[in-house]
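Coordinate inspection notes
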Amino acid sequence: MVTGAVDPEFWAGKRVFLTGHTGFKGSWLALWLGGMGAEIHGFALAPDDNPNLYDLVDAGREITSTRGDIRDLAAVRAAMAEADPEILIHMAAQSLVRPSYDDPVGTYATNVMGTVNVLEAARACPSLRAIVVVTTDKCYENREWDWGYRESEAMGGHDPYSSSKGCAELVSSAYRASFFASVAGGPKLATARAGNVIGGGDWARDRLVPDALRAFGHGQRVAIRNPLATRPWQHVLEPLSGYLVLAQALWRDGSGFAEGWNFGPRDEDARPVRWVVEQLAAHWGGDAGWVEADGFHPHEAHSLKLDISKARARLHWRPRWALEEAVERIVAWQKAWLDGADMRTHCLAEIENYTHTTTALEETIR
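All of the points below concern the structure found in this document. (Residues numbered from 1 in each chain as written. Predicted model: local features only at pLDDT ≥ 70, side-chain atom pairs only at ≥ 80, totals over all residues. Heavy atoms only, no water.)

So, on to the sheet that holds strand S7 (residues 196-198). The sheet built from 3 strands is open, its strands ordered S7-S9-S11 with mixed pairing. Pairing within the sheet leaves two strands with one partner each, and these edge strands are S7 and strand S11 (270-272). Recorded for the sheet is a direction-independent mean angle of 50° between the axes of neighbouring strands. Relative to strand S9 (residues 230-235), S7 runs parallel, the two being bridged by 3 bridges. The residue of S9 that forms the bridge with asparagine 196 is tryptophan 233. Each of S7, S9 and S11 touches helix H12 (residues 323-338); the most contacted strand, S9, lies at about 65° to it. (Pairing = 2+ DSSP bridges. Helix = DSSP H or I, 4+ residues; strand = E, 2+ residues; numbered from the N terminus. Axes fitted to C-alpha atoms, helices over the stretch in contact; angles between N-to-C directions. Contact = heavy atoms within 4.5 Å.)

What follows is the structure, given as C-alpha cells:
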C-alpha cells in the first residue's frame, strides 16, 4: 500500500545513484538517504558556493562520490556502471532562470543532453528498477493562470532554463516509451516537478531567500525584482519526500506510477514574493526589510502554481509544513549557522522533525 510516507526500512541497503549530490537539494537528500542506511553513489561537479551545504554538513560522509560533469557521457557511464544502482535519482542541473540568459548553450547542454546522458547510461544498468528525473514547476507552458498546472498540461518555457526543463521532460518521456516501458522487468521512469524550493543552506545567487538572508546579515535591505510575482513556495524537505515516496512506488508497482508528478505546496502557500520577504524580515528582526530593484530585468513569470491533486490521490503524499513554519525554520537555521552551531546535527534534527510531523491523512490511516 502506498501511504505517502518515506519508509526508512525500504531505503536501508538500497544502492542509489544520485546526480547533483553536491548541490543544495542534493546535500539534504544525501543526509536523509544516509540516515536511512542507503548505499549512495553520487555524481556531480564540485560545490558552487563558498560556503556550501555539502561541505558544511559533511554530506560526503554518506556517499561514494564521483566528481564529474553530466555532459560527459563516458564519465557518467563509467560511474553508473561501477555503482550498479537499484534506484537512480537525477537532480544535477543548471537550476536558475537568470543565469540561463547569460549561458543558454550551457543550460541546454546540461539540462537536456545531460539528461540524455544519464538515461543512456541507465540503459546499461541491469539492477536498476526505479528512475526519478527531477525537473521543475517551470517546465509548463506558462499562461499566467490563477489555478495550478496539472501534469497533463503542455510543456513549454519562455526563458532558456524553463524551456530546457520542458525539454528534459520530453527526453524522459521518449526514453520511457522507447527503452524502458518495453523491457520486461526493466526500470520504471517517472519525472518530478517541484515548486520554488527554499531552506537552510542555500547560498545561490539570484534566489530570493538566500539574497534576503545575505542582505539581512549585513544589515541591509534586500532588493527584489518582482514583489507581486506569485510562486509555489515549499521547504526543501517537501519535494525531497515526494521524490522518495515516488521511488518507493515505482519499485513496488512501477507501471502504475511511471509518469510525471507534481510536488508542490498547499494552495494557500502560493504567495507573492513580497509576502515571503516580509515574513523573513519579521522573523529576522531589527531593520530587516526590502526595496524594489531598479533597472532592466529579464522576463520571469508573474503567476505560477502547481496542482498536486494526483500526488494526493494516488501517492497519498501531502505537504507537512505550512509556509509560515518553513520561513521561521529557515531564519532559525541561518541564525544557528551564524552562531557557529553544528549544522550537520541541526539538519538531521530537521529531517527527524519533518518525518514525525503527521498529516491529516496519516492520522486517518492510524
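More follows now that the structure is in view.
On to unusual backbone geometry, then. The phi angle at aspartate 206 is positive, at roughly 60°, despite the residue not being glycine. Within the element layout of this structure, aspartate 206 appears in the loop between S7 and helix H8 (208-217). A positive phi angle, close to 55°, is found at histidine 316, a residue other than glycine. As for its placement among the helices and strands, histidine 316 is situated in the loop between helix H11 (309-315) and H12.

This part takes up helix H6 (residues 104-122). Its 19 residues give H6 an end-to-end C-alpha distance of 26 Å, which sits within 8% of 27 Å, the value for a rise of 1.5 Å per residue. Most pronounced at glycine 114, the bend in H6 amounts to some 30°. Summarising burial for H6: 14 of the 19 residues are buried, a large majority. (Expected span 1.5 Å × (residues − 1). Bend = angle between axes of the 7 residues up to and from the residue. Buried < 20%, exposed > 50% of the residue type's maximum accessible area, 1.4 Å probe, protein only.)

The next point concerns the packing of aromatic side chains. By the definition in use, this model includes 13 aromatic pairs. Taking the centre distance of 5.0 Å and the plane angle of 85° together, the rings of phenylalanine 10 and tryptophan 11 count as edge-to-face. For the pair phenylalanine 10 and tryptophan 11, one class covers both residues: buried. Seen in terms of ring centroids, tryptophan 321 and tyrosine 354 are 5.1 Å apart; in terms of plane orientation they differ by 85°. Their pairing is edge-to-face. A residue pair is termed long-range when its members are at least 10 positions apart, and tryptophan 321 in the loop between H11 and H12 and tyrosine 354 in helix H13 (residues 343-355) qualify at 33 residues. Across this residue pair, the class does not change: tryptophan 321 and tyrosine 354 are buried. Members of the aromatic cluster, joined through ring pairs, are Phe10, Trp11 and Trp251. (Phe/Tyr/Trp six-rings, centres within 6.5 Å; stacked < 30°, edge-to-face > 60°.)

In spatial order, the strands read S3-S2-S1-S4-S5-S6-S10; together these 7 strands make up an open sheet with parallel pairing. Edge strands, defined here as strands with exactly one partner in the open sheet, are strand S3 (63-67) and strand S10 (260-263). The mean angle between the axes of side-by-side strands here comes to 20°, regardless of whether they run parallel or antiparallel. Of the pairings in the sheet, the one linking strand S4 (residues 87-90) to strand S5 (residues 130-134) comprises 4 bridges and is parallel in character. Following the sheet pairing, leucine 88 is matched in S5 by isoleucine 131. In the packing of helix H2 (residues 24-35) onto the sheet, the strands contacted are strand S1 (15-19), strand S2 (39-44), S3, S4 and S5, and the crossing angle to S1 comes to about 170°. Each of S5 and strand S6 (188-194) is contacted by helix H7 (residues 160-180), which is oriented at about 165° to S6, the strand it contacts most.

For the rest of this paragraph, the subject is the environment of glutamate 350. On the secondary structure map, glutamate 350 appears in helix H13. For glutamate 350, a relative accessible area of 6% gives the class buried. Expressed as a C-alpha distance, the spacing of glutamate 350 and serine 152, which sit 198 residues apart in the sequence, is 34 Å. Residue contacts for glutamate 350: discarding those within four places in its chain leaves Trp28, His235, Leu237, Trp321 and Arg329.

Close contact between H12 and H13 brings their axes to 10 Å; oriented N to C, the two are set at 160°. Relative to H13, the element H12 is oriented roughly antiparallel. Where H12 crosses over H13, the handedness of that crossing is right-handed. Here H12 contributes Arg329, Ala332, Trp333, Ala336 and Trp337 to the contact with H13, which in turn contributes Met343, His346, Cys347, Glu350 and Asn353. Its residues assigned to classes, the contact of H12 with H13 comprises 6 nonpolar, 2 polar and 2 charged. (Parallel < 35°, antiparallel > 145°, perpendicular 65-115°, else oblique. Left-handed = near helix turned anticlockwise from the far one by under 90°. Nonpolar A, V, L, I, M, F, W, Y, C, P; charged D, E, K, R; others polar.)

Further remarks concern the environment of alanine 204. The residue alanine 204 is located in the loop between S7 and H8 in this model. Take alanine 204: its relative accessible area is 13%, and that puts it in the buried class. As for alanine 204 and isoleucine 330, which are separated by 126 residues in sequence, their C-alpha atoms are 15 Å apart. If we skip the residues at most four places from it in the chain, alanine 204 touches Asp49, Leu96, Pro210, Asp211 and Arg214.

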